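# Observations on the model geometry
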Amino acid sequence: MFGGTDGSKGTLATSFHFYHEPDYPGGSAFSAMTTPKAKHKRPKAIVLTSHPGGHGPKPAPIVWGAESPLERGPLIGTVTNKAQRNVIGTHSGSYSVYRAVAVAAGALDPLKKPDLTNTAPTNAIGPHPQWFDPEKIVSLDPFGAVVSEVFRSYFDQGYDIRPTIAVTRAQIKMPELAEAIAAGRLTVDGKILRAGGAVLVTKAAIEPVWYLPGVAARFGCSESDLRRTLFEHTAGMFPELVTRGDLDVFLPPIGGATVYMFGDPDSIRDPALPLAVRVHDECNGSDVFGSDICTCRPYLTHGIEECVRTSQEGGSGVIVYNRKEGRALGEVTKFLVYNARKRQVGGDRADQYFARTECVAGVQDMRFQELMPDVLHWLGITKIDRFVSMSNMKHDAVVRAGIRIVERVPIPDELIPADARVEMDAKMAAGYFTEGAVPDGNELAKAKGRTLDA
């Protein structure tokens, strides 16, 4: 049996022990590191929790969608006390790996608990009716920003509960906003928009929290198939997916989302007030560095402009920024597709746009917008007056979630870079919303993208 330092027994008849590093002349293997590392005690044996039972008292139950946070129960994904864990995975999404490296390098005490003094949200979000509907929110913890408040009794008992949402205030400043002021499209009011283009916002960082039964229902598969596929296609990274049927919540090691709120956050939920929304999926090349092969940054900044304008009209605006680089295929795959598009016989053209992606990735798109509306439910949104997106997949997902969209706002034609015409023509032909003509076969066959050497 596995043996812990407290003499407790595990569940498997094998025991692993940490190896001892050999001595090196002139110091340890890590002597080249310039930062002194503190010594932290570690157990001599690894205790697995991949099977239920044998680990002391049962962890706190989770009743997803319950009518109060205490009835719902806290989500405990920390490793400081394995007996308290009631979820699969751990906090911080993909950054959990860096945490493990910090522990391995001796830079972080593995038993360190965060001091959450003065970290409370700058603005209260909710609660909203959607928080208590187990079908409305399945990919985030609606109470994730207020765990130290609503689960105080658990903290007092020594439970290590971590926030999965943080809410703060900030200013954002983009040159496109200054250009909009100069062009007369936006007006400085000193409250929402300041001189020079600085915009005051409330923003929330959200880590993914998956309620597996609900996620499976969204994707139209069985929970057992979802668990097995997640286990197999992460190379067995999380054995609890298939061995712990008693654990319904999974903290996946993927990127989360950031929400930027313009105007008064309290007005977002009010259907009587105008609301502009853009749901934007990450594109590092365009959003940050201005690459002109796509419309991502121009559409993002246009969405921000719409949010500012709607806020100044007495409503509010929301930008949801999802970490789904390259349609969730990743940046390496995206760049491979770029090369394939630019080097194909006949040039870079819209009629082969999706085919080139599918040749490399095996699928056109892996963003699967089924989970996307959850953050809108977290904000209490029931109606969107101006939906700044041409995506039929995003539109349909929002409408299926029961949120009414009054108007769809396409990107102005003058904001589309010349090299991005390929992408835009292909997407409009595939069903993206447009107020103009849909390109026909002859138009799609024209090479409109420049070559790699141009």
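Residues numbered from 1 in each chain as written. Predicted model: local features only at pLDDT ≥ 70, side-chain atom pairs only at ≥ 80, totals over all residues. Heavy atoms only, no water.

### Some points on the nonpolar core
The nonpolar side chains of a soluble globular protein tend to be buried, and buried together. What counts here: Nonpolar core, defined: a set of buried Ala, Val, Leu, Ile, Met, Phe, Trp, Tyr and Cys residues in which side-chain atoms within 4.5 Å join the residues together. Burial classes: relative accessible area under 20% of the type maximum marks a residue as buried, over 50% as exposed, and values in between as partly exposed (1.4 Å probe, protein chains only). Strands here mean DSSP runs of E at least two residues long; helices mean DSSP runs of H or I at least four residues long; both are numbered from the N terminus.
Membership of the largest hydrophobic core comes to 30 residues, with the highest contact counts inside it found for Val277, Leu376, Trp378, Leu379, Ile381 and Ile384. Secondary-structure elements contributing two or more residues to this core are β2 (165-173), β3 (198-206), β6 (257-263), β7 (275-281), β8 (316-322), α13 (374-378), β10 (383-387) and α14 (392-400).

### Some words on the pattern of salt bridges
Cut-off, in case you're wondering: By salt bridge we mean one thing: a side-chain nitrogen of Lys or Arg within 4 Å of a carboxyl oxygen of Asp or Glu.
This model, assessed by the stated rule, comprises 31 salt bridges. Linking arginine 185 and glutamate 305 is a salt bridge whose minimum nitrogen-to-oxygen distance equals 2.8 Å. Here arginine 185, found in the loop between α5 (175-182) and β3, pairs with glutamate 305, found in helix α10 (residues 296-312); they are 120 residues apart in sequence, far enough to count as distant. Exposure remark for glutamate 305: the relative accessible area of 6% places this residue in the buried category. As a salt-bridge pair, lysine 383 and aspartate 385 come within 2.6 Å of each other at their nearest N and O atoms.

### Re the environment of arginine 162
Selection criterion: Here, residues are in contact when the closest pair of their heavy atoms is within 4.5 Å. Pairs of N or O atoms are called polar contacts if they sit within 3.5 Å, as long as, within protein, a hydrogen donor faces a hydrogen acceptor (for residues adjacent in sequence, only side-chain-to-side-chain pairs).
Tracing the sequence through the fold places arginine 162 in the loop between α4 (152-156) and β2. You can call arginine 162 buried: its relative accessible area is 13%. Residues arginine 162 and glycine 144, spaced 18 residues apart in sequence, show a C-alpha to C-alpha distance of 8.1 Å. If we skip the residues at most four places from it in the chain, arginine 162 touches Thr78, Thr80, His91, Arg99, Lys112, Lys113, Pro114 and Val147. Within the structure, the side chain of arginine 162 is placed 3.2 Å from the backbone oxygen of lysine 112, a separation counted as a polar contact. Here the side chain of arginine 162 touches aspartate 160 through a polar contact of 2.8 Å, side chain to side chain.

### Some points on empty space enclosed by the protein
This is how it is decided: A 1.4 Å probe that fits into a set of points on a 1 Å grid over the protein atoms alone but cannot get out defines a cavity; an open set with protein on both sides within 12 Å along at least five of seven lines defines a pocket, and lining residues are those with an atom within 4 Å of a point. Grid points are joined across faces, edges and corners, and a volume is the space filled by probe spheres set on the points. Under the convention adopted here, Pro, Cys and the residues Ala, Val, Leu, Ile, Met, Phe, Trp and Tyr are nonpolar, Asp, Glu, Lys and Arg are charged, and Gly plus all remaining residues are polar.
This model, assessed by the stated rule, comprises two cavities of 30 Å³ or more. For the largest cavity, the calculated volume is near 480 Å³. Lining the largest cavity are 30 residues; nearest its centre among them are Cys296, Arg327, Arg367, Glu423 and Lys427. The leading source of residues in the lining of the largest cavity is helix α11 (residues 331-343), at five residues. When its residues are assigned to classes, the lining of the largest cavity shows twelve nonpolar, seven polar and eleven charged. By volume, the second largest cavity is sized at about 60 Å³. What lines the second largest cavity is Trp64, Gly65, Ala66, Arg72, Trp131, Asp133, Pro134, Ile137, Pro142 and Phe143. Looking at side-chain class alone, the lining of the second largest cavity contains seven nonpolar, one polar and two charged residues.

### Some details on the pairing of β10
Applied cut-off: Strand pairing follows a simple DSSP-based rule, namely that at least 2 bridges must link the two strands. When the strands point away from the viewer, a crossover counts as right-handed if the path from the first strand over the helix to the second runs clockwise.
Where burial is concerned, most of β10 is hidden: four out of the five residues are buried. For β7 and β10, the ladder comprises two bridges, and the chain directions are parallel. Considered in β10, the bridge of valine 277 is made with phenylalanine 387. With four bridges joining them, β10 and strand β11 (residues 404-408) adopt parallel strand pairing. Pairing of lysine 383 across the sheet is with arginine 404, part of β11. Crossover β10 to β11 through α14 is right-handed.

### Side note on the sheet that holds β7
Applied cut-off: For helices, the fitted axis covers only the stretch in contact; all axes are lines through C-alpha atoms, and the angles between them, taken along N-to-C directions, range from 0 to 180 degrees.
In spatial order, the strands read β2-β3-β6-β8-β7-β10-β11; together these seven strands make up an open sheet with mixed pairing. Each edge of the open sheet is held by one strand with a lone partner, namely β2 and β11. Mean inter-strand twist for the sheet, computed between neighbouring axes without regard to direction, equals 30°. Two strands pair when backbone bridges link them, and β6 and β8 are joined in this way by seven bridges, in the antiparallel orientation. Bridge assignment links valine 259 to a residue of β8, and that residue is valine 320.

### What about the packing of aromatic side chains?
Threshold: For Phe, Tyr and Trp, rings pair up if their centres lie within 6.5 Å, where Trp contributes its six-membered ring, and each pair is then called stacked (planes under 30 degrees apart), edge-to-face (over 60) or tilted (otherwise). Definition used: whenever NZ (Lys) or CZ (Arg) falls within 6 Å of the ring centre and also within 35 degrees of the ring normal, the charge is taken to sit over that ring.
Counting across every chain of the model gives eleven aromatic pairs. Taking 6.2 Å as the distance between ring centres and 80° as the angle between the ring planes, the aromatic pair formed by phenylalanine 151 and tyrosine 154 counts as edge-to-face. Across the pair, tyrosine 154 and phenylalanine 151 agree in class, each one buried. Seen from their ring centres, phenylalanine 238 and phenylalanine 250 are 5.1 Å apart, and the 75° between their planes marks the pair as edge-to-face. Linking phenylalanine 238 in the loop between α7 (223-232) and α8 (240-243) with phenylalanine 250 in strand β5 (residues 249-251), this pair joins segments that are twelve residues apart in sequence. Grouping residues by exposure puts phenylalanine 238 and phenylalanine 250 together as buried. Taken together through their ring pairs, the aromatic side chains of Trp131, Phe132 and Phe143 make up a single cluster. Between arginine 278 and the ring centre of tyrosine 299, over which it is positioned, the NZ or CZ distance is 4.1 Å.

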